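The residues making up each chain are set out below.
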Amino acid sequence: MVRLIKEGRILDPSLGLDLVGDLLIVDGTIRGVAPSIEYPEKVDTISARGCLVIPGIVDIHVHLREPGEEWKEDIESGTRAALHGGVLRVACMPNTKPPNDSPEVTSYILEKARERAHVKVYPIATITKGQSGKELTEFGRLKEAGVVALSDDGKWVSDASLMKKALLYAKNFDLPLISHCEEPNLSNRGQINEGILSAKLGLKGIPFSAETIAVVRDLLLLKETNSYLHLAHLSVKESIPFLRWAKEEGLSFTAETCPHYFTLTETEVDGYNTIAKVNPPLRTEEDVQAIKHALKEGLIEVIASDHAPHSPLEKEVEFELASFGMIGLQFLLPLSYDLVRQGFLSQQKLLEYLITNPARVIKVDPPNFREGSPAEVVIFNPEKDWVVTEECILSKSKNTPLLGRTIKGKVEAVILGEGVFRL
Ligand SMILES: [Zn+2]
Ligand SMILES: [Zn+2]
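Predicted model only: the values in this text are computed from it and were never measured.

How each quantity is defined
- Residues numbered from 1 in each chain as written.
- Chains lettered and ligands numbered in written order.
- Predicted model: local features only at pLDDT ≥ 70, side-chain atom pairs only at ≥ 80, totals over all residues.
- Heavy atoms only, no water.
- Donors = N, O, S within 2.8 Å, 3.2 Å for Na, K, Ca; no water.
- Buried < 20%, exposed > 50% of the residue type's maximum accessible area, 1.4 Å probe, protein only.
- Core = buried A, V, L, I, M, F, W, Y, C linked by side-chain atoms within 4.5 Å.
- Helix = DSSP H or I, 4+ residues; strand = E, 2+ residues; numbered from the N terminus.
- Domains from an automatic or database assignment.
- Contact = heavy atoms within 4.5 Å.
- Pairing = 2+ DSSP bridges.
- Axes fitted to C-alpha atoms, helices over the stretch in contact; angles between N-to-C directions.
- 1 Å grid on protein atoms, 1.4 Å probe; cavity = no way out; pocket = protein on both sides within 12 Å on 5 of 7 lines; lining within 4 Å.
- Points joined across faces, edges and corners; volume = space filled by probe spheres on them.
- Nonpolar A, V, L, I, M, F, W, Y, C, P; charged D, E, K, R; others polar.
- Phe/Tyr/Trp six-rings, centres within 6.5 Å; stacked < 30°, edge-to-face > 60°.
- Buried area = accessible area lost by both parts, 1.4 Å probe.
- Salt bridge = Lys/Arg side-chain N within 4 Å of Asp/Glu carboxyl O.
- Polar contact = N/O pair within 3.5 Å; in protein donor to acceptor, adjacent residues only side chain to side chain.

Trainee: Teacher, can you tell me more about the coordination of the zinc ion (ligand 1) here?
Mentor: For a metal with four tetrahedral donors the ideal donor-metal-donor angle is 109.5 degrees, whereas six octahedral donors ideally subtend 90 or 180 degrees. The coordination sphere of the zinc ion (ligand 1) contains the protein donors Asp153 (OD), His180 (ND1) and His233 (NE2), at a distance range of 2.0 to 2.1 Å. All donors to the zinc ion (ligand 1) come from one chain, and their sequence spacing reads D-x26-H-x52-H. What makes histidine 180 buried here is its relative accessible area of 4%.

Trainee: Can you walk me through the nonpolar core in this structure?
Mentor: Inside soluble globular proteins, nonpolar side chains tend to come together where they are buried. Ranked by internal contacts, the top residues of the largest apolar core, which has 91 residues, are Leu231 and Leu243. A total of seven residues in this core trace back to one element, the largest contributor, which is helix α13 (residues 347-361). Split by domain, this core shows at least three residues from each of two domains, domain 1 (2-53 + 372-383 + 410-422) and domain 2 (55-361). Dropping the residues within four chain positions of it, leucine 231 is found in contact with Ser179, Cys181, Val215, Asp218, Leu219, Leu243, Phe253, Thr254, Ala255 and Glu256. Within the second largest apolar cluster, 21 residues are counted, among which are Ala276, Phe331, Trp386 and Leu402.

Trainee: Quick question: what am I supposed to make of the sheet that holds strand β7 (residues 87-92) here?
Mentor: Adjacent strands of a sheet pair through backbone hydrogen bonds, lying either parallel or antiparallel. Overall, parallel pairing links the eight strands, which are arranged β6-β7-β8-β9-β10-β13-β14-β15 in an open sheet. Edge positions in the sheet fall to β6 (57-62) and β15 (302-303), since each of these pairs with one other strand and no more. Pairing analysis gives three bridges linking strand β10 (residues 177-179) to strand β13 (residues 228-231), with the strands arranged parallel. Within β13, the position partnered with serine 179 by the bridge is leucine 231. Sheet strands in contact with helix α4 (residues 160-173) are β10 and β13, and its direction is about 150 degrees off that of β10. Relative to β6, α13 is tilted by about 65 degrees, and along the sheet it contacts β6, β13, β14 (252-257) and β15.

Trainee: Can you help me understand empty space enclosed by the protein in this one?
Mentor: A probe matching the size of a water molecule, rolled over the atoms, marks out where space remains unfilled. Within the structure shown, the criterion is met by five cavities of 30 Å³ or more. Considering only enclosed or pocket space, the largest cavity measures out at about 100 Å³ in volume. What lines the largest cavity is a set of 14 residues, and nearest its centre among them are Pro259, His260, Ile327, Gly328 and Leu335. Those elements giving two or more residues to the lining of the largest cavity turn out to be α9 (259-263) and α12 (332-341). For the lining of the largest cavity, the leading source of residues is α9, giving three residues. Looking at the lining of the largest cavity, its residues break down into nine nonpolar, five polar and no charged. Taken as a whole, the second largest cavity holds about 50 Å³ of empty space. In terms of lining residues, the second largest cavity is bounded by His180, Cys181, Glu182, Ile206, Ala210, Glu211, Asn279, Pro280 and Arg283. Taken together, the residues that form the lining of the second largest cavity break down as four nonpolar, two polar and three charged.

Trainee: Help me out: how do you make sense of the packing of aromatic side chains in this one?
Mentor: Two measures describe an aromatic ring pair: the distance that separates the ring centres and the angle between the ring planes. For the structure on display, the rule yields four aromatic pairs. Plain terms: the ring middles of phenylalanine 139 and tyrosine 169 are 6.2 Å apart, the flat faces sit at 85 degrees to each other, and that makes the pair edge-to-face. Of this pair, phenylalanine 139 sits in helix α3 (residues 139-145) while tyrosine 169 sits in helix α4, and the two are 30 residues apart along the sequence. Among the residues examined, phenylalanine 139 registers a relative accessible area of 2% and is labelled buried.

Trainee: I would appreciate a short explanation of the layout of surface pockets in the present structure.
Mentor: In this model, the largest pocket occupies a volume close to 470 Å³. Partitioned by chemical class, the residues of the lining of the largest pocket number three nonpolar, eleven polar and eight charged. Space inside the second largest pocket adds up to approximately 270 Å³. Lining the second largest pocket are 20 residues, with Gly154, Lys155, Trp156, Ser158 and Pro184 positioned closest to its centre. Of the residues assigned to the lining of the second largest pocket, the class counts are five nonpolar, ten polar and five charged.

Trainee: Could you clarify how one ought to interpret the domain arrangement of the protein chain in this entry?
Mentor: Bring the parts together and some accessible area is lost; that lost area is often taken as the interface size. Segmentation of the protein chain into domains returns domain 1 (2-53 + 372-383 + 410-422) and domain 2 (55-361). Taken together, the contact between domain 1 and domain 2 spans 18 residues of the former and 20 residues of the latter. Approximately 1600 Å² of surface area, both sides summed, lies buried where domain 1 meets domain 2, with 67% of it carried by carbon and sulfur atoms. Counting across the interface, domain 1 meets domain 2 through one salt bridge. Across the pair arginine 89 and glutamate 376 runs a salt bridge, and its minimum N-O distance is 2.9 Å. Counting across the domain 1 and domain 2 interface gives five residue pairs in polar contact (both at pLDDT 80 or more). Looking at the side of domain 1 that touches domain 2, the elements with two or more residues in it are β1 (2-12), β2 (17-26), β16 (376-387) and β17 (406-416). Considering each element in turn, the side of domain 1 that touches domain 2 owes the most residues, five residues, to β16. Its residues assigned to classes, the side of domain 1 that touches domain 2 shows twelve nonpolar, two polar and four charged.

Right, here's the structure in full:
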């Protein structure tokens, strides 16, 4: 089967490619990029006029909820949502039930993914057994089983000496550690950002220090161990100067944020809106601006969704009882594209943050348009508006404060190997 994508703006950050033209795919493999391609035989032509033609997005922070919480999401539904968002590879966090802390759970996830996933799935295992923060998992065996990274996401490894040991072991096994930066004694039972709004609503706040103290401790341990660390979902302005310090020190780290931390503020939870309850919490406008500037400065260089599905069972309850998290796979690209519209990032830079940098964190080759690479192609119309409705959310869970709102930027089609999905 021959497919020709015509007249798109073709961008590939891994090749530094940026041209208006055609992309040729033969039998699921990239066969050429040029200003104009004519093919002698009959071909399936896909018009990309006015659209960006980009490699698939790599989202390294996704909760697929399988095994154990399949009423919220499973590998099939989560990866279907990913496909519709132009996310063609996902790394799934290990805080499932049971948690992915053994090669057996890793194998189960990989087997399920082989049977049912719509996009490539990379499992992440826990740093500590049962995420208890007490005893390290078997890094070597987990790597052999196929994990690409280790994280106790949802929890911080509070014991500094254990985290130091983890950083040293991870270096030996060449496995990246991902830290959920949250000092639990400071965030203890907190519900939303600590400030005027938490006082007004009478909800316990989560102070900026809960994140920043964790960031600083982890960076100090990193300096001492000369290892590598990825900092997940940064949300507060106070964390940023320490990233700058770590860059100046030449530490080997990457920092991540999520679209909700640069597009939404804490005002979303006003009126006790549990749908906007997320961890770390939505912060203030000042924090949103600081995160955008940190992206511009390259201090934060990975954008991930932290897709965290929850059903009404976990959300339509009293605020204190509601679970933390919101879905994000289908909004990752359109919301992130706001950074281009607002002049914070170039198109190429944004694609580095969404494709090549996250791939580098988990040490895989990014989707790309080199001749001979498998087709992992996304056609994205940055100008098309769409209204977020329950029907267009492919995830089993619909927990997003964006319901009913209009979003700019839509994935129009995905070409994945031999398959084409016109969305
Ligand atoms: Zn987390
Ligand atoms: Zn998470």
